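Each chain is listed here by its residues.
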Amino acid sequence: MFKEYGKISTILYEHTKPVGCSIGGDIEFYAESLKGVSGAVLEAGVGTGRVLIPLIQQGFVVDGVDLSAEMLEQCKANLQSHNVTANIYQQNLTDMSLPMKYGAVIMPAGSFCLLPRDLVGKVLDNFFEHLEHGGKVIIDLLLPTDFREGSVDVYDYPMSNGTGILFTSYSKTMDWTTQKTAYVHKYELLKDGEIQETEVSHFVLQWYGIQEFEMMLGLAGFTEINHVIGYGKDQPSPITFTAIKR
């Protein structure tokens, strides 16, 4: 019924958040946080390569993993157009099995919050297993600071040759007891005023308290757990956690 990160949402993401587009200063923050890391970096939820490619351009060796075939197809095209290379894997983070270990595993932009709550322990275990000893994990978490239950927002994005995307976001529910928000996102690809394709996504975001997530990292075996809010700027989100595998 629903399609997560399919063709049209990938086109829109590439249009609104192209390679090198820093969201709240995330690319700069991650580049600084990765200084001194020995070994390659793995970006989980790599998407279209928005973060991966500028990190490679700054001299880091970065691989990427994602579940969305459409996002990875765009990522590979972006790698080619920017004349850089990376190992890109299509795998589910809950049963990820890659051929090497890394000096760091990163997950920017709050993508971790898209994972079902009952599976995040397994994902953190997989991150731990894919790190070298002394390696670090860096994860962004989002808070629902601007969620308004029942609100509907409509945006239009003109593109080229008479095409565009009409994006409708319905803020469906906020469940305080299970700490999650649910949206219904509709993407309509138009040409000369007529709908060519439609894609509907059920977009669920989980959120976590600081002490709660520190405990989860500890249960996965991580130590030296720290966090910073808003990349150290005057902004309430994301909360970025850093932890070490010893």
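Read on for a plain summary of the structure. (Residues numbered from 1 in each chain as written. Predicted model: local features only at pLDDT ≥ 70, side-chain atom pairs only at ≥ 80, totals over all residues. Heavy atoms only, no water.)

Digging into the pattern of salt bridges
Link 1 in the chain: Applying the stated criterion across every chain yields a total of six salt bridges.
Link 2 in the chain: Residue Arg-246 pairs with Glu-224 through a salt bridge whose shortest N-O separation is 2.7 Å. Of this pair, Arg-246 sits in the segment after strand 11 (239-244) while Glu-224 is found in strand 10 (residues 223-229), placing the two residues 22 residues apart along the sequence.
Link 3 in the chain: With relative accessibility at 56%, the residue Arg-246 sits in the exposed group. (Salt bridge = Lys/Arg side-chain N within 4 Å of Asp/Glu carboxyl O. Helix = DSSP H or I, 4+ residues; strand = E, 2+ residues; numbered from the N terminus. Buried < 20%, exposed > 50% of the residue type's maximum accessible area, 1.4 Å probe, protein only.)

Considering the sheet that holds strand 3 (residues 88-90)
Link 1 in the chain: The strand order across the open sheet built from seven strands is 3-2-1-4-5-11-10, with neighbouring strands paired in mixed fashion. Of all the strands in the sheet, the pair left with one neighbour each is strand 3 and strand 10. Here the average twist between neighbouring strands, direction ignored, is 15°.
Link 2 in the chain: Pairing of strand 5 (residues 131-141) with strand 11 involves six bridges; the strand directions are antiparallel. Bridge pairing links Asp-140 to Thr-240 in strand 11.
Link 3 in the chain: Against the sheet, helix 4 (residues 69-81) contacts strand 2 (62-66) and strand 3, and its axis sits at roughly 170° relative to strand 3.
Link 4 in the chain: Seen against the sheet, helix 6 (residues 210-219) touches strand 5, strand 10 and strand 11 and runs at an angle of roughly 25° to strand 11. (Pairing = 2+ DSSP bridges. Axes fitted to C-alpha atoms, helices over the stretch in contact; angles between N-to-C directions. Contact = heavy atoms within 4.5 Å.)

Comments concerning the sheet that holds strand 9 (residues 194-206)
Link 1 in the chain: Across the sheet, which stays open at both edges, the four strands sit in the order 6-7-8-9 with antiparallel pairing between neighbours. The open sheet is flanked by strand 6 (152-158) and strand 9, the only strands paired with a single partner. In this sheet, adjacent strand axes meet at a mean angle of 15° when their direction is disregarded.
Link 2 in the chain: Here strand 8 (residues 180-191) runs beside strand 9; their pairing, made up of 12 bridges, is antiparallel. Considered in strand 9, the bridge of Lys-186 is made with Val-200.
Link 3 in the chain: Where helix 1 (residues 7-16) meets the sheet, its contacts fall on strand 6, strand 7 (163-175), strand 8 and strand 9, and the angle it forms with strand 9 comes to roughly 80°.

Some points on the nonpolar core
Link 1 in the chain: With 38 residues, the main nonpolar core has Leu-93, Phe-112, Leu-124, Phe-127, Val-137, Ile-139 and Phe-213 as its most contacted residues.
Link 2 in the chain: When residues of this core are traced back to their parent elements, those giving at least two are strand 1 (41-44), strand 4 (102-107), helix 5 (120-129), strand 5, strand 9, helix 6 and strand 11.
Link 3 in the chain: If you tally residues by element for this core, the top one is helix 5, at five residues.
Link 4 in the chain: Setting aside residues no more than four positions away along its own chain, Phe-127 makes contact with Ala-44, Leu-93, Met-96, Val-105, Met-107, Phe-112, Val-137, Ile-139 and Phe-222.
Link 5 in the chain: With 24 residues, the next largest nonpolar core counts Leu-34, Leu-55, Cys-75 and Ile-88 among its residues. (Core = buried A, V, L, I, M, F, W, Y, C linked by side-chain atoms within 4.5 Å.)

Here's the deal with the pairing of strand 7
Link 1 in the chain: Across seven bridges, the pairing between strand 6 and strand 7 is antiparallel. Bridge pairing links Val-152 to Tyr-170 in strand 7.
Link 2 in the chain: Counted between consecutive antiparallel strands, the loop separating strand 6 from strand 7 contains four residues, among which Asn-161 sits at a positive phi close to 55°.
Link 3 in the chain: Across 12 bridges, the pairing between strand 7 and strand 8 is antiparallel. Across the sheet, the residue bridging to Thr-168 is Lys-186, located in strand 8.
Link 4 in the chain: In sequence, strand 7 turns back onto strand 8 through a hairpin of four residues, with Gln-179 there showing a positive phi of about 55°.

Geometry only, nothing functional implied.
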